[in-house]
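# Working through the structure, step by step
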Amino acid sequence: MRCGHLKMFWQTLRFRLTFWNTAVVLVVVLTTLVGVREGVRRAFLAEFDQLLREDSREIKLATQQFHDKRELLYLLLNSQAEGHGPHRWFVQMFDAQGQLIWASKNTPILAAPAAPFVDQIWVEAPPFRYWQTRIEPSKQTRLLLRVGASLETVDEDVATLTKIMLLAGGGILLLAPLGGYWLASRAIHPLSRIIATTDRLHPADLQERLPLRHTSDELDQLSLTINGLLDRIAAFLVRKRDFVANASHELRSPLAAVRSAVEVALAAPRTNEEYVNLLTDVMEQCAALEDLVNRLLVLAEGTGDILTTPGQRTRLDQVATKAVEMFQGVAETRDITLAVVALEEVMVPGSPYYLRQVVNNLLDNALKFSASGSRVAVEVRADSPGRRALLRITDTGIGIAAEDLPRIFERFYRSNKSRSPDDGPRGHGLGLSICQAIIMALQGEIHVQSTPGQGSCFTVLLPFPNPNKQGAC
Ligand code: ADP
């Protein structure tokens, strides 16, 4: 159990942020420590070398000045060596053959210069470092001069500095995880609230929303996005619930009619003619049921793929011509003029089956909501910029009230005011929503303009099929 908790803690964002923060601080502190230590050591060495070079220049001048009074020079150099005792400063002089002539106090045991002698050179003989140079106190005399000192003081200073820096670095490294943990906790705190609130949400109750801090930071953006998603899910669930309720309601009427016809048939012996009439009723109700179920299937979720068969193309003008031929009889019975006012050959994506449903629904409505003597016009052509196909069905019927216009594409919506003039059987309020679903699936648009008492105009715009995709008509 404990092991599980520990494992979970390792996986938390808080731990990972703390870990990375500490790792970054560690790398930065170590690099800085090493860099500063090396930099300071080099600066100390440069200063050390500078001093020895200056000493060597002074001694060179002194050998020329005190050429005849060597003893006095040696005395002076010895007192200088004593003065620089802590640094173990020393001077050595060799003749032109490399034989030692004189060495000051504090001179360590060093190897004699090896021939051939170079003019000037730095020699490291830990812990000593010295500058060896050729000097000429007089025209006849050539000497080799060595001036050096111990590097121990430089190393001691560097070591002291390293200790101080290690102490400071240790302190920073101790504070880094604590500070990192505190910062990570502060940054993640709103996330914990988002998790807690999201955890409480349930599909049955999506009222609660994530709190916003109005800081416009990423976490506030996340809350806003999740809230937007919740709004859409809640609206979707309401639509779905309404759909199921409405669908059940619409299915109940034909089912009740079937049941009552069967009950009547079973209640008492009937004549053959009565049985035929009752069974005809049952047949009609079953046909209505079948039609309704088919419509519901089109609207049901997951049919989007079925609506659009990839690569399939259809001649929209041919579909419209067939629909007009089919509805001509109904139009004549109702004394309505049904005319094709424009018919261009246009190819659109989609199957003829679903495009027929679109044209039929629109024509059916146009005739249903038009009184005798009205006119229904059908138009199929390329849209003016020539980029889309246009289908327009215009009627001079009863029109749609302004308050109904925004809702007529909703599932099961039927306007009470716009009853069909012949008061025939009312539809299910699914025709236009089916049209919209099919047209949307084909990446098209459907628009309506209507004036009560004057008529309606439904316009469908569909993209031309992709020329790269082949398909059957
Ligand atoms: P229905 O299957 O009941 O006709 P629709 O979805 O096709 O349902 O239409 C929804 C509502 O839109 C109809 O009940 C009617 O009120 C209105 N409507 C649709 N087309 C027309 C039209 N051409 N003229 C007047 N009203 C119309």
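What counts, and where the lines are drawn
Residues numbered from 1 in each chain as written. Predicted model: local features only at pLDDT ≥ 70, side-chain atom pairs only at ≥ 80, totals over all residues. Heavy atoms only, no water. Helix = DSSP H or I, 4+ residues; strand = E, 2+ residues; numbered from the N terminus. Rg over C-alpha atoms; globule rule 2.2 N^0.38 Å. Buried < 20%, exposed > 50% of the residue type's maximum accessible area, 1.4 Å probe, protein only. Contact = heavy atoms within 4.5 Å. Areas by Shrake-Rupley, 256 points an atom, 1.4 Å probe, with all protein chains shown as cover. Expected span 1.5 Å × (residues − 1). Disulfide = S-S within 2.5 Å. Pairing = 2+ DSSP bridges. Axes fitted to C-alpha atoms, helices over the stretch in contact; angles between N-to-C directions.

## Examining the overall build of the protein chain
- Scanning the protein chain for helices and strands turns up 10 helices and 12 strands.
- In terms of C-alpha radius of gyration, the protein chain reaches 50 Å, well past the compact-globule figure of 23 Å for 473 residues.
- Reported as C-alpha extents along the three principal axes, the dimensions of the protein chain are approximately 160 × 60 × 40 Å.
- Relative to its 473 residues, the protein chain shows a buried fraction of 36%.
- Excluding contacts between residues fewer than 6 apart, the proportion of contacts in the protein chain whose partners are at least 24 apart in sequence is 64%.
- Here the protein chain has roughly 28400 Å² of accessible surface; of this, 59% comes from carbon and sulfur atoms.

## Details of helix 3 (residues 70–83)
- Taking 1.5 Å as the rise per residue, helix 3 with 14 residues should run 20 Å; its terminal C-alpha atoms sit 20 Å apart, in good agreement.
- For helix 3, the elements touching its buried residues are helix 2 (13–65), strand 1 (90–94) and strand 2 (100–103).

## Quick look at the state of the cysteines
- Enumeration over the complete set of coordinates arrives at zero disulfides.
- The thiol of C457 is unpaired, and the distance to the nearest cysteine sulfur, on C435, comes to 14 Å.
- Owing to a relative accessible area of 12%, C457 belongs among the buried residues under this scheme.

## Description of helix 6 (residues 272–299)
- Here helix 6 contains 28 residues, and its C-alpha end-to-end distance of 40 Å stays within 8% of the 40 Å for a straight helix at 1.5 Å per residue.
- Every buried residue of helix 6 is accounted for by L278, V282, L289, L292, R295, L296, V298 and L299.

## Describing the sheet that holds strand 2
- Strand order across the open sheet formed by five strands is 2-1-5-4-3, with antiparallel pairing between neighbours. Each of the sheet's edge strands pairs with one partner strand only, and the pair in question is strand 2 and strand 3 (120–125). On average, each strand axis in the sheet is tilted by 20° relative to the strand beside it, whichever way the strands run.
- As judged from the three bridges shared by strand 1 and strand 2, these two strands associate in the antiparallel manner. Residue pairing across strands places Q92 opposite A103, the latter belonging to strand 2.

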